[in-house]
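Spelled out from the first residue to the last, the chains are:
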Amino acid sequence: MPSIFSYQSAEVDWCEGNFERSTVIAEYYNTISNVGFFVLSPALLYLNRQYCQQRALPLYVISGLLFCVGIFSMYFHMTLSYVGQLLDELSILWTVAVAYAFWYPRVYYPRCIKSRKHFFWLSGVTTVISTLMSFIKPAFNAYMLNCIAFHLLYLTWCELKKCNDKRVHRMAAAMVMWWVLAISSWISDKWLCGLWQAINFPYFHSFWHVLIAMSLLYCCPLVIYFDVTYEMPSFKPKLGYWPSDSWPVVVPYVALEEPHKQC
């Protein structure tokens, strides 16, 4: 029986051919395409530094976890090991769980939850149970995590109904566009692998890595915007774009202004 650390001991093997471009890296493009997560984390911290000065813990923790997602995803696709698969899936699970624990708006809490502390406990217990289930069937996590995205889209829709800022609506539209492209790439690689191998283009999972990082680049400032609205009433969130509004390709961030006005 192969070791759980052994190459190709994972339950999942993506469409890209193994060891075609390196004797060390199993899936070359699926591995290097995770570089976007190493750019995403410091970009979030730098661009949203005003928010970070007021609420440092959530952004530092989430940025650190996103960095770990990049590391563990690289390790998994480099080795296709069982341990790599677990680390890849669980790092995403815990990143989502921590983001919910920090940023989930109190107005959407279940009636039995009376405080952020109680919601932390609920998120923690749920995530621990999901983690234990992952040891039984790691591949199940990927489908569950993609389903969570639909809940995030629903929350975004609920918040946009309360907000008249056209910039917020445009950023949400951009986030959804990148997410649709990302999930389409993931599904294509998973279910249409034979087709892509037949035309010698089995690289859609690497596109997933790049596109989901782009989606998160818009998602995180959007979540921060609404977090400021709910949790920092003395400030007014304002969307900005780096390096400039006039550039054709921009990166969004949240600046803080006083006094606060309800969106």
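Preceding block: the structure.
These lines cover the structure that appears in this document, whether it is placed above or below. No experiment lies behind these values; they were computed from the predicted model shown.

### A word on the overall build of the chain
What the chain contains, in helices and strands, is 10 helices and two strands. Order of helices (α) and strands (β) in the chain, N terminus to C terminus: α-α-α-α-α-α-α-α-α-α-β-β. Expected size for 263 residues packed as a compact globule is a radius of gyration near 18 Å; at 19 Å, the chain falls within 12% of this value. Once the C-alpha set of the chain is aligned to its principal axes, its extents read approximately 60 × 45 × 30 Å. Per-residue burial for the chain yields a buried fraction of 48% across its 263 residues. A separation threshold of at least 6 residues defines the contact pool for the chain, and within that pool the share at least 24 residues apart is 67%. Accessible area for the chain stands at about 13600 Å²; split by element, carbon and sulfur atoms hold 69% of it. In the chain, which carries 18 positive and 15 negative side-chain charges, the distance between the mean positions of the two groups comes to 14 Å.

### Structural notes on the state of the cysteines
In the structure shown here, the tally under the stated rule is one disulfide. Free cysteine C112: the closest other cysteine sulfur is in C158, separated by 19 Å. On the accessibility criterion, C112 (62% relative accessible area) is exposed. Distance from the sulfur of C158, which forms no disulfide, to the nearest cysteine sulfur (C163) is 13 Å. Judged by its relative accessible area of 10%, C158 is buried.

### Brief notes about the pairing of strand 2 (residues 251-257)
In the case of a regular strand, side chains alternate between the two sheet surfaces. The element strand 2 is extensively covered by neighbouring structure, given that five of its seven residues are classed as buried. Here seven bridges tie strand 1 (residues 236-242) to strand 2, and the two strands are oriented antiparallel to one another. Residue K236 lies in a different strand from strand 2, and its bridge partner there is E257.

### Let's talk about the side chain of S33
Here S33 is to be found in the loop between helix 1 (28-32) and helix 2 (35-47). For S33, the side chain forms a polar contact with the main-chain oxygen of Y29, separated by 2.9 Å. Here the side chain of S33 touches N30 through a polar contact of 3.3 Å, landing on its backbone oxygen.

### A few points about the environment of S246
Within the fold, S246 resides in the loop between strand 1 and strand 2. Taking the C-alpha atoms as reference points, S246 and G64, 182 residues apart in sequence, are found 31 Å from one another.

### Focus: the nonpolar core
In terms of nonpolar packing, the biggest core is built from 50 residues, with Y51, W103, V168, L222, I224, Y225 and V228 touching the most fellow members. At the level of elements, helix 2, helix 3 (49-54), helix 4 (56-79), helix 5 (82-103), helix 7 (140-160), helix 8 (166-191), helix 10 (204-231) and strand 2 are the ones that each hand at least two residues to this core. With 12 residues, the top contributor of residues to this core is helix 10. Core analysis: the second largest hydrophobic core is formed by five residues, Y104, Y109, I113 and F119 among them.

### What about the packing of aromatic side chains?
Scanning all chains against the criterion turns up 19 aromatic pairs. Seen from their ring centres, F38 and F67 are 4.9 Å apart, and the 50° between their planes marks the pair as tilted. Within this pair, whereas F38 is found in helix 2, its partner F67 is found in helix 4, the two being separated by 29 residues in sequence. With relative accessibility at 35%, the residue F67 sits in the partly exposed group. On the numbers, 5.1 Å between centres and 10° between planes, the contact of Y104 with F119 is stacked. Within this pair, whereas Y104 is found in the loop between helix 5 and helix 6 (116-136), its partner F119 is found in helix 6, the two being separated by 15 residues in sequence. For the pair Y104 and F119, one class covers both residues: buried. The cationic tip of R49 hangs over the ring face of Y46; the distance from NZ or CZ to the ring centre is 4.4 Å.

Rules used throughout
Residues numbered from 1 in each chain as written. Predicted model: local features only at pLDDT ≥ 70, side-chain atom pairs only at ≥ 80, totals over all residues. Heavy atoms only, no water. Helix = DSSP H or I, 4+ residues; strand = E, 2+ residues; numbered from the N terminus. Rg over C-alpha atoms; globule rule 2.2 N^0.38 Å. Buried < 20%, exposed > 50% of the residue type's maximum accessible area, 1.4 Å probe, protein only. Contact = heavy atoms within 4.5 Å. Areas by Shrake-Rupley, 256 points an atom, 1.4 Å probe, with all protein chains shown as cover. Lys, Arg positive; Asp, Glu negative; His and termini not counted. Charge placed at Lys NZ, Arg CZ, Asp CG, Glu CD. Disulfide = S-S within 2.5 Å. Pairing = 2+ DSSP bridges. Polar contact = N/O pair within 3.5 Å; in protein donor to acceptor, adjacent residues only side chain to side chain. Core = buried A, V, L, I, M, F, W, Y, C linked by side-chain atoms within 4.5 Å. Phe/Tyr/Trp six-rings, centres within 6.5 Å; stacked < 30°, edge-to-face > 60°. Lys NZ or Arg CZ within 6 Å of the ring centre and 35° of its normal.

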